[in-house]
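For reference, the chains in residue letters:
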Amino acid sequence: MIRKLSRAIREYKRDTVLTPVTAAMEVVMEVIIPVLMAFLIDRGINAGDMDTIWRTGLLLVLCALVSMAFGVLSGFFGARASTGFARNLRQDMYYAVQKYSFSNIDKFSTGSIVTRLTTDVTNLQNTFQMLIRIAVRAPSTLIFSMVMAFLVNARLALLFLAVIP
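Along each chain, residues carry numbers from 1 onward, in the same order as the chain's sequence is written. The model is predicted, so local features are restricted to residues of pLDDT at least 70 and side-chain atom pairs to those at 80 or more, both for listing and for counting; the totals for chains, interfaces and linings are taken over all residues. Side-chain metrics in this entry use all non-hydrogen atoms of the structure; hydrogen atoms and water are not considered.

*Asks:* Go over the nonpolar core, please, and point to the residues and values.
*Replies:* Counting residues in each nonpolar core, the largest one holds 10 residues, listed as Ala8, Ile9, Tyr12, Ala81, Phe85, Ala86, Leu89, Val121, Phe128 and Ile132. Strands are runs of DSSP state E lasting at least 2 residues, helices are runs of H or I lasting at least 4, and numbering of each runs from the N terminus. Within the residue set of this core, elements represented by two or more residues are helix 3 (50-98) and helix 5 (110-152). At 4 residues, helix 3 tops the list of elements feeding residues into this core. Once residues within four sequence positions are removed from consideration, Val121 is found in contact with Ala86, Leu89, Arg90, Met93 and Arg116. By nonpolar core is meant a set of buried Ala, Val, Leu, Ile, Met, Phe, Trp, Tyr and Cys residues that side-chain atoms within 4.5 Å join together. Burial status follows relative accessibility: with a 1.4 Å probe on protein chains alone, a residue under 20% of its type maximum counts as buried, one over 50% as exposed, and anything between as partly exposed. One finds Met29, Leu36, Leu40 and Leu60 within the second-largest nonpolar core, a separate group that totals 5 residues. Every residue pair with non-hydrogen atoms within 4.5 Å of one another is taken to be in contact.

Written out as structure tokens, the structure reads:
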């Protein structure tokens with residue numbers, strides 16, 4: 001069934017691939033920000049080094065802007081991919097209905113066919129968008145957070161590994 005549905009992606013493959021990539025990059029930037037904050041506090045504020053505070057502060061603003069840009073791009077590509085997927089799926093279903101014999105058409109009411117072409121496809125569109133955005137974002141957050149935790153303190157990160165299961 002998934003193979004059959006994936007044929008409806010067609011010309012929206014680029015957007016379908018760019019959505020998880022930009023979502024993962026957004027997560028990377030969001031995971032870097034707390035590490036920069038720790039650096040700012042440890043090396044800048046505690047040491048009273050205004051130069052480090054300014055440089056790290058500007059880097060934090062840059063990371064936040066880049067994260068926001070990746071988030072917007074992820075939403076844009078995800079919306080284009082999911083609406084294009086739904087458009088192609090409706091078109092495929094419409095042409096499939098046109099191939100029905102008259103006896104098959106008599107078995108289905110017009111309302112039922114219209115419901116299939118609208119509500120069911122809209123549900124698949126929402127599922128597809130959640131799949132390419134959220135289903136990639138959550139594992140990415142887990143992986144990149146664990147990497148950063150090990151970079152900050154490996155012994156404490158082992159505790160996270162024990163608690164996750």
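This is not the end of the story, as more comes after the structure.
*Asks:* Which residues make up the side chain of Ser67, and what values go with them?
*Replies:* Mapped onto the fold, Ser67 is located in helix 3. Non-local contacts of Ser67, meaning those with residues more than four positions away in its chain, are made with Glu26, Met29 and Glu30.

*Asks:* Quick one: what's the story with the packing of helix 3 against helix 5, residue by residue and with numbers?
*Replies:* The N-to-C vectors of helix 3 and helix 5 enclose an angle of 150 degrees; their axes lie 9 Å apart at closest approach. The orientation of helix 3 with respect to helix 5, classified from their angle, is roughly antiparallel. In the crossing of helix 3 with helix 5, the sense of the turn from one axis to the other is right-handed. Partitioned by chemical class, the residues of the contact of helix 3 with helix 5 number 14 nonpolar, 10 polar and 3 charged. What counts as an axis is a line fitted to C-alpha atoms, over the stretch in contact for a helix, and the angles between N-to-C directions run from 0 to 180 degrees. Any angle that falls under 35 degrees is termed roughly parallel, while one over 145 is termed roughly antiparallel, one within 65 to 115 roughly perpendicular, and all others oblique. In this scheme the crossing of two helices becomes right-handed for a clockwise turn of the near helix relative to the far one and left-handed for an anticlockwise turn of less than a right angle. Amino acids outside the nonpolar list (Ala, Val, Leu, Ile, Met, Phe, Trp, Tyr, Cys, Pro) and the charged list (Asp, Glu, Lys, Arg) are all regarded as polar, and Gly is one of them.

*Asks:* Tell me about a nonpolar patch on the surface, residues and numbers included.
*Replies:* On the surface, a cluster of nonpolar side chains totalling about 1,100 Å² of accessible area is made up of Leu142, Ile143, Val147, Phe150, Leu151, Leu156, Leu158, Leu159, Phe160, Leu161, Val163 and Ile164. Listed by contribution, the elements that provide at least two residues to the nonpolar patch are helix 5 and helix 6 (154-163). When residues of the nonpolar patch are assigned to their parent elements, the largest contribution, 6 residues, is made by helix 6. Take Val163: it is sitting in helix 6. For Val163, a relative accessible area of 59% translates into the label exposed. Residues enter patches when they are more than 30% accessible in relative terms and free of salt bridges; like-charged ones are connected within 9 Å and nonpolar ones (Val, Leu, Ile, Met, Phe, Trp, Tyr) within 5 Å. Only the protein chains shown count as cover for residues, and the accessible areas themselves come from Shrake-Rupley with a 1.4 Å probe. Throughout this description, the term salt bridge denotes a Lys or Arg side-chain nitrogen within 4 Å of a carboxyl oxygen of Asp or Glu.

*Asks:* So what's going on with the packing of helix 5 against helix 6? Residues and values would help.
*Replies:* Axis separation between helix 5 and helix 6 bottoms out at 6 Å; the angle between their running directions is 145 degrees. Judged by the sense of rotation from one axis to the other, the crossing of helix 5 with helix 6 is right-handed. In this structure, helix 5 uses Met146, Ala149, Phe150 and Val152 to contact helix 6, whose residues at the interface are Ala154, Ala157, Leu158, Phe160 and Leu161.

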